[in-house]
Amino acid sequence: MADKVVLLSSWASVFGLRVQIALAEKEVDYEFREEDLFDKSSLLLESNPVHKKVPVLIHNGKPVCESSVIIQYIDEVWTKGPSLLPKDPLQRANARFWTDFIGKTIYPCGSKIWRNKGDAQVQAAAKKELIGILKQLEGELGERPFFGGETLGYVDIALVPFSRWFYTYETFGRFSIEKECPKLMAWVRRCNDRESVSKVLPDPHKVYQRNCGLKKRLGLE
């Protein structure tokens, strides 16, 4: 019997986009179900009763939650295609560390920039913090083509979806990530050369318009 794979997510979710890239890398067929994050489906609430958040991967009726965990699951279940995590235990641990760092820093910091309601001081501090985070990641990348070396891997998949939110951060924060982190942006372009990335990630201008609408809906203008 063929695998039945369903992904519950939202088109602009950086965490859901991670999973879509991983599935594309492994050439896994799946059904994408868009979730309204203001009116979550009963399937989402049942599948992720702890956090009630996207993404959730449902594989043959069994849910797997949290994007970093889902990517590891995909790598272990679908062994055909490139390995997403390194084979070496130390390198795997290092990849998990940086993926955890990315998830815990960029999203909350970026939110302070675009969700900010007219507090210039808060926005300036968040902008400075975000640039510092991206410079740290640029330093970790070094001169390698990708974080995992010569090929796209776990950390790349964890980080590259945020690049589609960079335009939102830059527009609201009035700064240039290209200017601040040119090597990181060159890495973004290398990632976009891969079909698994370019075909999955949304237009950054569409993400910006979505966030403008969300900001208005939340009364943050």
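The structure under discussion appears in the preceding block.
What you are looking at is a predicted structure, and each value in this text was computed from that prediction instead of being measured. (Residues numbered from 1 in each chain as written. Predicted model: local features only at pLDDT ≥ 70, side-chain atom pairs only at ≥ 80, totals over all residues. Heavy atoms only, no water.)

**Side note on the packing of aromatic side chains**
Here is step 1: Scanning the model with the defined rule gives eleven aromatic pairs in all.
Here is step 2: Just above the ring of Trp11 sits the side chain of Lys206; from NZ or CZ to the centre is 4.6 Å.
Here is step 3: In this structure, Arg217 is placed above the aromatic ring of Phe38, and the distance from its NZ or CZ to the ring centre is 3.8 Å. (Phe/Tyr/Trp six-rings, centres within 6.5 Å; stacked < 30°, edge-to-face > 60°. Lys NZ or Arg CZ within 6 Å of the ring centre and 35° of its normal.)

**A closer look at the pattern of salt bridges**
Here is step 1: For the structure shown, the criterion picks out eight salt bridges.
Here is step 2: The partner of Asp100 in a salt bridge is Lys104, with the nearest N and O atoms 3.2 Å apart. Taken together, the residues span about one helical turn, with Asp100 and Lys104 both in helix H4 (residues 89–114) at a distance of four residues.
Here is step 3: Taking the relative accessible area as the measure of exposure, Lys104 reaches 60% and is therefore exposed.
Here is step 4: Here Glu143 makes a salt bridge to Lys183, at a shortest N to O gap of 2.7 Å. Residue Glu143 is found in the loop between helix H5 (120–141) and helix H6 (154–159), and its partner Lys183 is found in helix H9 (residues 182–192); the two are separated by 40 residues along the sequence. (Salt bridge = Lys/Arg side-chain N within 4 Å of Asp/Glu carboxyl O. Helix = DSSP H or I, 4+ residues; strand = E, 2+ residues; numbered from the N terminus. Buried < 20%, exposed > 50% of the residue type's maximum accessible area, 1.4 Å probe, protein only.)

**Quick word on the sheet that holds strand E1 (residues 5–9)**
Here is step 1: One open sheet holds the four strands; their spatial order is E2-E1-E3-E4, and the pairing between them is mixed. Both outer strands of the open sheet, strand E2 (31–34) and strand E4 (62–65), are each paired with one neighbouring strand and no more. Here the strands of the sheet are splayed against their neighbours by 20° on average, with no regard to which way each runs.
Here is step 2: Bridge count for strand E3 (residues 56–59) against E4 is four bridges, and the pairing is antiparallel. From the neighbouring strand, Leu57 faces E4, where its bridge partner is Val64. (Pairing = 2+ DSSP bridges. Axes fitted to C-alpha atoms, helices over the stretch in contact; angles between N-to-C directions.)

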